[in-house]
Structure formats: C-alpha cells, structure tokens
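Observations on the model geometry
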Protein chains: 2
Amino acid sequence: MPVNRREFLAAGVAAGLLTHWENTVTFAENLDPTNLTKANIPTPALLVDLEAFESNVKSMAEHCRKSGRGFRPHAKTHKCPEIAKRQMAAGALGICAATVPEAEALVAAGITGVLLTSPIVEPAKIARMIALVKRENTTMLSVGHPLEIELLSQAAAAAGVDVDVLVDVDIGDRRTGILPGQPALELAQFIAKHKRLHIRGVQSYAGHASHVVGWEAREKSSREAMGKSVATRELLNKSGFDADILSGGSTGTYNIDSTVDGVTELQVGSYVFMDIDYRRIGGKTSGENYSDFQHSLTVLATVVNATHPDRVSVDAGTKALDTTTNWKPEAKGWPGLNYNRGGDEFGILTLEPGAKLPRIGDRIEFIVPHCDPNVSLYDRIYATRGDKVEAIWPIAARREARTI
Amino acid sequence: MPVNRREFLAAGVAAGLLTHWENTVTFAENLDPTNLTKANIPTPALLVDLEAFESNVKSMAEHCRKSGRGFRPHAKTHKCPEIAKRQMAAGALGICAATVPEAEALVAAGITGVLLTSPIVEPAKIARMIALVKRENTTMLSVGHPLEIELLSQAAAAAGVDVDVLVDVDIGDRRTGILPGQPALELAQFIAKHKRLHIRGVQSYAGHASHVVGWEAREKSSREAMGKSVATRELLNKSGFDADILSGGSTGTYNIDSTVDGVTELQVGSYVFMDIDYRRIGGKTSGENYSDFQHSLTVLATVVNATHPDRVSVDAGTKALDTTTNWKPEAKGWPGLNYNRGGDEFGILTLEPGAKLPRIGDRIEFIVPHCDPNVSLYDRIYATRGDKVEAIWPIAARREARTI
C-alpha cells in the first residue's frame, strides 16, 4: 500500500486533480457548463455526445424526407424538451409522449403536435390532458378503450374543447390498444358518438418486432404487424372516417415501416442515442451490428476503489446504470474490461486476460445497454462536444409534477 | 367488446371515476395531500404505509436501545429528509449517506451526525463535503485510500476546517475500503500525518453477509466478517488512535451485529421499508420469511389495458418498478396474479389457475422486490394512513444538484 504522497501520486493519481478543486467548487450549484469537461463533471453522470447525436437527428430526418414519410419521434427515450426542439427543427411533425408529465413538459416547451401514445384512465390525468389541448390544440391522444373515451368526452365537453384522437390498435404487442379490424371499427363508431372527439387516424406500436435479431426476420415481423394496422385504417376510411394518420414504427424498423404503403409517420425514439440492445439486432446492410445510428449516450463514472488486484469499483451501480436487459454496459476505450453489478451504488470492473485495470480516480464512459430507462434515472444530460460540456439539458419530462 | 356506456360501466368501471375528475384537477400542481387517497393518487406512485413504517422505526430503535448499541440509519434506502428526521427522533446518532447529494440534502434538513459511507476522489465533491463539515461539524467521511485523504486534507486546510473520519475497512465485501489489519493501520498512520483530519473509528459493510439465506448461515458469515473489523479497531486503539466508533451492519444482520463485542453502531437501511429481497432470507425465529419488519413500501399502479382475456397491462414498467433482482413485484391482495415485465412503461399481469384478473381502471399496489433502487426512481413518496394520504415527502436526496 502506498502511504507517502509521492508513491500514491505515482500510482495513478492525476496530479491536476489535487489543485483543481478550488476552480470547480460551485459548478454543481448553478449548472453553468463553463469550464466543465469530462475531467470534472460530477459522476455518475449522463452524457450525450453532440456530434453523434446531431448526426443521428439529421440522418433519420433525411431518411423520412426521402421516403416521403413524416416522423413524430418519441420523447419516452429522452424526456428532454431540448432534444425535442432539435427533432422539431429537423422537420418532425410533433413529438410522442408516453406519460402525461412528458406531454406537459413538451407543451410547456412550445412543442406542437404532441401525441400521448399510452392509455390513461385516471380522471385527473384526463383533465390535465384536456388542459394541454386547450393550451395547444395540436395535442392529440391515442385511445383504445371506451372508458378512456367516456372520460375524455366528459372532460372535453366541460372545458368546451375539441380533441383529436388516434385509435390505438394492438397489432401483436399485446400491451395497449384495441384489436384490429372490426373491434377497432366499433371503437371508432363509439368515439364518433362523442361530438368533442375527432378521429384523425390510427396508431400502432409493434414492440414485438422492433428488436427482432436479423433484418430479414425483423422485416417479416414488422410487415405482418403493420399490415393489420394498414388494413384497419382502410376499413375506417371505407366506413366514412377521415383516418389520415397511421403513426407507428420504431428505431429497429424505421427503414422497414417507411416502405409499407399506408404508414404515414414514424414514432422513432432510440435513434437519437442508440444502445447495446439495438446494436445487436443487425442492420439492413451492416451485418450483425446495427450501425445506422451512432452511440451518443454514455454514463460517466469514476473509479473509487482499487484495493484488489483483480477488480476496481466505479461509482455507478443499479441507480446509475440500467441493467434490466441481458446486456452489460460497455467501457468505451477499455477493451477487455467487464462491467459487473456491484449493488445499488457501485459497479465492479473485472478483466479479460491481457487487459489492463484502470486506476483510482480514472474516469470511464460506459455505453448503456438500454437507453430509455437509463435516461429516466437522471435529472440532466451533459451535452458534450469532444471533451467539453457545451450545455446541460434538464430531463424535464422525468418529473412527476405537472410543469405548467 | 363493450361499446355502449352501460355495458362498459358494468364491465368494471368505478362509476365514481367518471364524475370525479373535476375535484382532482389541481392536486398534482401544488402537492397538497388534502383529498388525496389511494383512489386518486396519480400512478405510477411510490407509497409508504405510515403504520408499518412507524412500527419499523420504533422496533429498530428499541432493539438498539436494549442491545446498548447506537444506530446511524442509511439514507441510501430512502433519500428522504422527512424519514431521516423521524429516525433521528427515534434516537439515531446520525444518518449515513451514500452520495454527496444525499449528505447535502440531509445537512440542509438539519440532520447532525451525517456520515458519508462511500469513497469520493473527485476534488469538487471533496470541496462540497468540506463545505458541509464547515456548516455542520458533526458531519463525517469514511476514507479508504491515500488519494481521498490527500484531497480531503488539502481542502480542509484551505477552508480552515477540522474533519472527523472513519477508516473504511473491507471485510469481504470487496467494493470499498482498505484491507483489515496492518493495511488499515498504515492508512490510519497516513491519516495522522494530516493535521486537519481526525480518526474517530472504523466503518465496515459486510454486504456479502446481509442477504445470506438462513439465520444461522447469515450469523456465521456476518460474525466472521465483523470480527475482522473489531480486530482492526483494537489494533488502531492499541497503536494509540482513539477509534471510538465501529459502524456497520445491515437490516439483514442487525440482530447479529448487535451481539458482536466492539460494534458500536448499526448502519441499518432497508428496515424502514422492507422488500421481497429481504423477506426471503429468513428470520431468527420466524422461519423462511424474515418478518422482523413490515412491508411499508409499495408502488401503486393502474390497469390501463384489458384487451386480452389472459392478461392486463398496468402503467408501471421498468421506469417505475425496479426489477434488477431475481424477484418479482407482488400484487397486494391479488393472490395468483403475476407481474411480468412489459417494457419500460408497462407491466403485464397474468394469472395462475383459478385466480381473477383485475379490470381496467383498477388500482393495484405492488410490494417492491428491492427498495433502494425503486425509491431512486421517484421524486416523492406518498405517505398514507389507511387509504388516505397524510403527507407527500420529497425524495430530496435523489437530486444530483447540491441543495444548499
């Protein structure tokens, strides 16, 4: 054990650290990114690499433009109005929200065309959505059950507000929505009995298709699922409804669904960040690694213990790194270093043969296994360009409280 | 599919819901618990049952008093100053913190005797801890590496502050701390060279012992581990240090460690809430189910989809219910109902033979598999007595920003 200063400095302490603290004392208080770099962001921290992120935003927008489709990206991935604004600037029709607080944060940030994609059957939440529609009348809900329709209709009537809705159709995901075909038509007819509600189209999420490994198998799965939604939209239109919209798709199926006739817009989410869960599904042309979009999201952690020769501890455990998938966080630039769960507060890094252990004080970026729930663990994203922090974006839509 | 109002009302809609929304519109904004009950808390929500919670707080305090030990409960479990205050009122010596933001939130709430149990080697965090010590000089840190000692010493000298520290000893957990015996003594001698730092004792967490299934096996594991810490404390005292404190233990080993000579205080955390991960370890007298403390923590969710006869969806997925352990959330009062992961936003409930599915709009409380990371997903706890919300407690120490 090194017990004198010279020894432990030599043992891997960045000498700069020792005199640097005075300059960085106040940054956490005022969230001023000035002078913040990857060397002094407090860890654990959520980082987005702006070059990769901007490339992803642009790339998806271009794909949709070339394919003649709209896109309404999903905020469940990022919960961040600053990111939503950039997606809108790239040409998005609006932004999807999975929760009422997400919808509230987006509307508060001036986003138009917000679509709540999840069912809600709590009267208070219905009332909050009606308040949003009153404020911004391009806000829409997707509905899949008569209860939601009744609650929505009563609240809309009481507020004197007209509400646009999509019929949420369950095309195999088995989590939300009404069954396609005749049941969806009957639900549309039920909606039509409520004069404040107006059907704009159909929504479908083929969650079971989005992560199918191998592009051909995924194409088959998504085409089969989206076909049901296309047919349902046609049935509605033949029955006199104006179902202009068919909103669906995912980052895994964006270049499949954009070739399906009748799909009008994509609800892509993860493409802004990417993650290990998507990388492994394989691309159309890129083989085993799905590389259409770049990894922009990482968690930055610090090595805080190096007592044992076979491992070190970092300050990012299950509260800081989502490990609910089968995949492990990947240490960027540290080949042969394996992340293992070390409880709620810590991760344990171990070695493959020939690899090198980091030293105490070292800072390591991890590519996250699954972006959505990982973002949800944080209050803010440090937006970096190179090593420098350019901005700190609040993950405002994470909050449970209404924001307007 | 029920498409007329009478049918779907009959099909399980609580009729009250339809007219109730006007009364509940504003509650989310002002966090006023008045008129909030389990029937209208917005879901998903984190709930603590006050009767069970108060019983747990009292029970642990009485055990420690009878055993002649102190207790410094761990805030990593609850991150909630309101709970810390109640633990202090029950006689705690102080409160443990796993992160600097936790320590900051506790000191801001007037808690004395805060102990940071995790290592920190970031200069800015060290400076923040020194600011806390300056404000409240009973605040302590545990240290396990010369780097932390150097940083702490420099910051303390610059601020003109004396800092009490515990030597963090690794007794088999292999995550933090210095090895027991001679390495710990050498570290203490290194600390002694820094005049602003004062050794108050030793800290050890036998995380590998806390969840050993079976009381006898757990006792053996914890005694063996804590023995190393006791011996290290004795070595320090023989060598001229005043190591008055030996802080350690967990909810799983509280009634083991409190019988180990030399252990002065317990760092118990989960006992205020309990969870499935602790229930299964078995009690000293209660057999397979560890029932020394009551389950006070639940997640409240709403059934938002009932399209299929074999399942329903609730609005609590991986963002709302921690599923990083091997155990599943348990639906309170719904025997034979199984929670399955349904992605980030939803849980899927399926049935064992003979059991009954809930209906759309039903609200279900789930006992959580693992309390600490589950709390960390939320901003607030609804404190309930019976069905009524008595208070809403901010999970203030969850925030990344400093709070003072």
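Just so it is clear, the model here is predicted, and its values are computed rather than measured.

We now examine the pattern of salt bridges. This model, assessed by the stated rule, comprises 44 salt bridges over all chains. With a closest N to O distance of 3.2 Å, arginine 196 of chain A and aspartate 162 of chain A form a salt bridge. Linking arginine 196 of chain A in the loop between helix H9 (182-192) and strand S7 (197-204) with aspartate 162 of chain A in the loop between helix H8 (146-159) and strand S6 (163-168), this pair joins segments that are 34 residues apart in sequence. Residues glutamate 265 of chain B and arginine 72 of chain B are paired through a salt bridge, measuring 2.7 Å at the closest nitrogen-oxygen approach. In this pair, glutamate 265 of chain B sits in strand S9 (residues 265-266) while arginine 72 of chain B sits in the loop between strand S2 (70-71) and helix H5 (81-89), placing the two residues 193 residues apart along the sequence. The class of arginine 72 of chain B is buried, set by a relative accessible area of 5%.

Residues and elements named next belong to chain A. With burial as the criterion, each face of strand S5 (residues 140-143) is covered, one bearing Met140 and Ser142 and the other bearing Leu141 and Val143. Relative to S5, strand S4 (residues 115-116) runs parallel, the two being bridged by two bridges. Along S5, the bridge assignment pairs leucine 115 with methionine 140. Regarding the hand of the β-α-β motif, the stretch spanning S4, helix H7 (residues 123-135) and S5 is right-handed. Viewed along the sheet, the connection from S5 through H8 into S6 turns out right-handed.

Counting 211 residues, the largest nonpolar core has Val167 of chain A together with Val163 and Val167 of chain B as the members making the most contacts within it. For valine 163 of chain B, the residues in contact, after removing those within four places along its chain, are Ile130, Val133, Leu141, Leu152, Ala156, Arg196, Leu197 and His198 of chain B.

Relative to the helices and strands, aspartate 322 of chain A resides in the loop between strand S11 (312-314) and strand S12 (330-331). No salt bridge forms around the buried aspartate 322 of chain A; measuring N to O, its nearest opposite-charge neighbour arginine 341 of chain B is 7.5 Å away. Setting aside chain neighbours within four positions, we find aspartate 322 of chain A in contact with Pro369, His370, Pro373, Asn374 and Leu377 of chain A.

Take the packing of aromatic side chains next. Evaluation of the coordinates by the stated rule reveals twelve aromatic pairs over all chains. Taken together, a centroid distance of 5.5 Å and an interplanar angle of 75 degrees make the contact between tyrosine 339 of chain B and phenylalanine 366 of chain B edge-to-face. Of this pair, tyrosine 339 of chain B sits in strand S13 (residues 337-342) while phenylalanine 366 of chain B is found in strand S15 (residues 363-367), placing the two residues 27 residues apart along the sequence. Residue tyrosine 339 of chain B is classed as buried on the basis of its relative accessible area, which comes to 3%. Grouped by ring-pair contacts, the aromatic residues Tyr254, Tyr271, Tyr278, Tyr290 and Phe293 of chain A constitute a single cluster. Just above the ring of tyrosine 205 of chain A sits the side chain of lysine 76 of chain A; from NZ or CZ to the centre is 4.5 Å.

What follows deals with the sheet that holds strand S6 (residues 163-168) of chain B. Residue and element names in this part refer to chain B. Strand order in the open sheet formed by eight strands is S2-S9-S8-S7-S6-S5-S4-S3, and the pairing between neighbours is parallel. Taken across any chain shown, the strands that pair with only one partner, and hence form the sheet edges, are S2 and strand S3 (96-97). Here six bridges tie S6 to strand S7 (residues 197-204), and the two strands are oriented parallel to one another. Bridge assignment links aspartate 168 to a residue of S7, and that residue is glutamine 203.

Our focus in this paragraph is the pairing of S7 of chain B. Residue and element names in this part refer to chain B. Judged by how many residues are buried, S7 sits mostly within the fold: six of eight residues are covered. Handedness of the crossover joining S6 and S7 through helix H9 (residues 182-192) is recorded here as right-handed. For S7 and strand S8 (residues 245-248), the ladder comprises four bridges, and the chain directions are parallel. By the bridge assignment for S8, glutamine 203 is matched with serine 247.

This part covers the packing of H8 of chain A against H9 of chain A. Residues and elements named next belong to chain A. In the contact formed by H8 and H9, the axes pass within 10 Å of each other and the chain directions differ by 15 degrees. Taken together, the axis directions place H8 and H9 in an arrangement best described as roughly parallel. For the pair H8 and H9, the crossing hand works out as right-handed. Only Leu187, Phe190 and Ile191 of H9 make contact with H8, whose side of the interface consists of Pro146, Ile149 and Glu150. When its residues are assigned to classes, the contact of H8 with H9 shows five nonpolar, no polar and one charged.

Residue and element names in this part refer to chain A. Cis geometry is found at the peptide bond from threonine 43 to proline 44, where omega equals -5 degrees. Here proline 44 is to be found in the loop between helix H3 (27-30) and strand S1 (45-49). Although it is not a glycine, arginine 174 adopts a positive phi angle of roughly 60 degrees. Tracing the backbone shows arginine 174 in the loop between S6 and H9.

Turning to H5 of chain B, a few remarks are in order. Owing to its 3.6 residues per turn, the α-helix brings residues three or four apart onto one side. All names here are of chain B. Of the positions making up H5, those classed as buried are Pro81, Ile83, Ala84 and Gln87. Axial view of H5: buried residues confined to an arc of 155 degrees, hence all on one face. Those residues of H5 that are buried are in contact with helix H4 (50-67), S2, helix H6 (100-108), strand S16 (380-385) and strand S17 (388-394).

Conventions and cut-offs
- Residue positions are given per chain, counted from 1 along the sequence in the order it is written.
- Lettering for chains starts from A, numbering for ligands starts from 1, and both go in the order in which the items are written.
- Local features in this predicted model are restricted to residues of pLDDT 70 or higher, and side-chain atom pairs are both shown and tallied only at a pLDDT of 80 or more, whereas totals for entire chains, interfaces and linings draw on every residue.
- Side-chain measures here rest on the full set of heavy atoms in the structure, leaving out hydrogens and waters.
- By convention in these notes, a salt bridge is any Lys or Arg side-chain nitrogen within 4 Å of a carboxyl oxygen on Asp or Glu.
- Counting from the N terminus, the helices are the DSSP runs of H or I reaching at least four residues and the strands are the DSSP runs of E reaching at least two.
- The buried label applies to any residue whose accessible area, calculated with a 1.4 Å probe on protein chains only, is under 20% of its type's maximum; exposed applies above 50%, and partly exposed to all values in between.
- Should DSSP find at least two bridges between two strands, the strands are taken to pair.
- Handedness rule for crossovers: strands pointing away from the viewer, path from the first strand over the helix to the second running clockwise, crossover right-handed.
- Think of a nonpolar core as a cluster: buried Ala, Val, Leu, Ile, Met, Phe, Trp, Tyr and Cys residues, connected wherever their side-chain atoms sit within 4.5 Å.
- In what follows, a contact means two residues having at least one pair of non-hydrogen atoms within 4.5 Å.
- Note that His is not counted, nor are the chain ends; the positive residues are Lys and Arg, and the negative ones are Asp and Glu.
- For Phe, Tyr and Trp, where Trp contributes only its six-membered ring, two rings pair if their centres lie within 6.5 Å, and the inter-plane angle classes them as stacked under 30 degrees, edge-to-face over 60, or tilted in between.
- We count a charge as sitting over a ring when the NZ of a lysine or the CZ of an arginine lies within 6 Å of the ring centre and within 35 degrees of the ring normal.
- Orientation is described by axes fitted as lines to C-alpha atoms, over the contacting stretch for helices, and by angles from 0 to 180 degrees between their N-to-C directions.
- Every angle not falling under 35 degrees, over 145, or within 65 to 115 is termed oblique; those three ranges are roughly parallel, roughly antiparallel and roughly perpendicular.
- Crossing chirality is assigned from the near helix's rotation relative to the far helix, an anticlockwise turn below a right angle marking it left-handed and a clockwise turn marking it right-handed.
- Residue classes follow a fixed rule: Ala, Val, Leu, Ile, Met, Phe, Trp, Tyr, Cys and Pro count as nonpolar, while Asp, Glu, Lys and Arg count as charged, and any other residue, Gly among them, counts as polar.
- Note that the arc is computed from the directions linking the helix axis to the C-beta atoms.

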